[in-house]
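For reference, the chains in residue letters:
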Amino acid sequence: MANDAFAAILAPLERVFGIHICFHDYSGKLREHTPRVQHLCELCRGIKATQIARCMDCDSRQVQAFLAGRPQGFWKICHAGILECVLPVRHGPTLGGVMFVGQFRVSGAMPRALPLLRDASPRLSLRGALRRGRDKLPVVAARSLPDLLDMARTLLQRLEQEISAVPLPSGSEPVSRRLLDFLELNFSRSPTLEDAARSVFLSASRTSHLVKAHFSLTYPELLNRCRVRHAMELLRRTSWPVG
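The text that follows walks through the structure, step by step, so that each part is easy to find. (Residues numbered from 1 in each chain as written. Predicted model: local features only at pLDDT ≥ 70, side-chain atom pairs only at ≥ 80, totals over all residues. Heavy atoms only, no water.)

Of the regular secondary structure elements, the chain holds 8 helices and 6 strands. Of the regular secondary structure in the chain, the N- to C-terminal order runs α-β-α-β-β-β-β-α-β-α-α-α-α-α. For the chain, the residues scored as buried account for 47% of the 243 residues in total. Across the chain, every contact between residues at least 6 apart in sequence was considered, and the portion connecting residues at least 24 apart equals 72%. For the chain, the computed accessible surface area is about 12100 Å², with 55% contributed by carbon and sulfur atoms. (Helix = DSSP H or I, 4+ residues; strand = E, 2+ residues; numbered from the N terminus. Buried < 20%, exposed > 50% of the residue type's maximum accessible area, 1.4 Å probe, protein only. Contact = heavy atoms within 4.5 Å. Areas by Shrake-Rupley, 256 points an atom, 1.4 Å probe, with all protein chains shown as cover.)

Printed below as a string of structure tokens:
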């Protein structure tokens, strides 16, 4: 399924609620369809500039641990107080990734249809541009959240059917996948080869060989590809000028 077709499936939900949907890819299949591996809202970009470690801990370690006993999904409030819905993306009996539906603010009391994961770290105090970014998030009425959840699950079922027919890409082994996830979350910080190697618990030379073997690229080329994918998605989804 091409990126445009993938985006078309998600468009109705995003249009109705004014939200954005993105994914974390655990299997290597999702990235074959979409570059949506992080949120593009102004608030998240600003927070990750200084809080990347806390963001990664919340979106990766805490989410996976919480999801283990909650296959129906859950609501998540991060350390910045941002709300979104988290749903598992399944490939048959296995967990292939996670779909994040958000981000938004809620007017009214939260429903109890899903469990709530609240980041255990101290709440981040938002000021200046970050506060303005939070104020720009769409507001969804609490009474509309069940409808949002039903639409998200319906679209997710369609995506899972499409993805299940696609074979795993050649570069989908666990180490190479973790390396890609690290780069796509951290490319704005220009991580060195040594930084990337530490993220997958390998030496710099071994990581360099792995990149060449699995992606037929050098490390700087792979990092630049992540930047280009993100820039293309920003240009597609925003009115930001080029240059």
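Burial of strand β3 (residues 83–91) is extensive: 8 of the 9 residues sit out of reach of the surface. Here strand β2 (residues 74–77) folds back onto β3 in antiparallel fashion, the turn holding 5 residues, of which glycine 81 has a positive phi close to 80 degrees. (Pairing = 2+ DSSP bridges.)

A separate point is the pattern of salt bridges. Should the charged atoms of two oppositely charged side chains come close, the side chains can pair. Using the criterion set out here, one finds 3 salt bridges in the structure. Between arginine 134 and aspartate 135 there is a salt bridge; the shortest N-O distance is 3.7 Å. Judged by relative accessible area, which is 27%, arginine 134 ranks as partly exposed. Since its relative accessible area comes to 42%, aspartate 135 is described here as partly exposed. (Salt bridge = Lys/Arg side-chain N within 4 Å of Asp/Glu carboxyl O.)

Moving on, we get to the packing of helix α2 (residues 42–67) against helix α3 (residues 128–135). Two numbers describe how α2 lies on α3: the axes approach to 8 Å, and their chain directions differ by 150 degrees. On the basis of their axis angle, the class for α2 and α3 is roughly antiparallel. You can see that α2 and α3 cross each other, and the crossing is left-handed. In this structure, α2 contributes Glu42, Leu43, Gly46 and Ile47 to the contact, and α3 contributes Ala129, Leu130, Gly133 and Arg134. Tallied by class, residues from the contact of α2 with α3 come to 4 nonpolar, 2 polar and 2 charged. (Axes fitted to C-alpha atoms, helices over the stretch in contact; angles between N-to-C directions. Parallel < 35°, antiparallel > 145°, perpendicular 65-115°, else oblique. Left-handed = near helix turned anticlockwise from the far one by under 90°. Nonpolar A, V, L, I, M, F, W, Y, C, P; charged D, E, K, R; others polar.)

In this structure the tally under the stated criterion is 2 aromatic pairs. Each ring, one from phenylalanine 66 and one from phenylalanine 74, has its centre 4.8 Å from the other, and the planes form 80 degrees; the classification is edge-to-face. Since its relative accessible area comes to 15%, phenylalanine 66 is described here as buried. Ring centres of tryptophan 75 and phenylalanine 104 lie 6.4 Å apart, and the angle between their planes is 90 degrees; this geometry places the pair in the edge-to-face category. Placement of the pair is tryptophan 75 in strand β2 and phenylalanine 104 in strand β4 (residues 94–107), with a sequence separation of 29 residues. In terms of burial, tryptophan 75 and phenylalanine 104 fall into one category: buried. Sitting over the face of the ring of phenylalanine 66, arginine 70 holds its NZ or CZ atom 3.6 Å from the ring centroid. (Phe/Tyr/Trp six-rings, centres within 6.5 Å; stacked < 30°, edge-to-face > 60°. Lys NZ or Arg CZ within 6 Å of the ring centre and 35° of its normal.)

Turning our eyes to something else, we now look at unusual backbone geometry. Geometrically, the link from glycine 102 to glutamine 103 is a cis peptide bond, its omega value of -5 degrees lying close to zero. Locating glutamine 103 in the fold gives a position in strand β4. A positive phi is found at serine 190, a non-glycine position, where the angle reads about 50 degrees. Secondary-structure assignment places serine 190 in the loop between α5 (174–186) and α6 (193–199). Classification of serine 190 by relative accessible area gives partly exposed; the value is 43%. With phi around 55 degrees, serine 216 is a residue other than glycine that occupies positive phi space. With respect to the helices and strands, serine 216 occurs in the loop between α7 (204–215) and α8 (219–237). Judged by its relative accessible area of 58%, serine 216 is exposed.

A few words now on the environment of serine 125. Structurally, serine 125 is set in the loop between β5 (116–118) and α3. You can call serine 125 exposed: its relative accessible area is 52%. In sequence terms serine 125 and alanine 80 are 45 residues apart; their C-alpha atoms lie 7.3 Å from each other.

Tracing the backbone through its elements, the reader meets histidine 214 in helix α7. Looking at histidine 214, the relative accessible area reads 25%, which means it is partly exposed. Remark: the alpha-carbon pair of histidine 214 and serine 176, spanning 38 residues in sequence, is separated by 7.3 Å.

Functional significance is not addressed by these values, which are geometric in nature.
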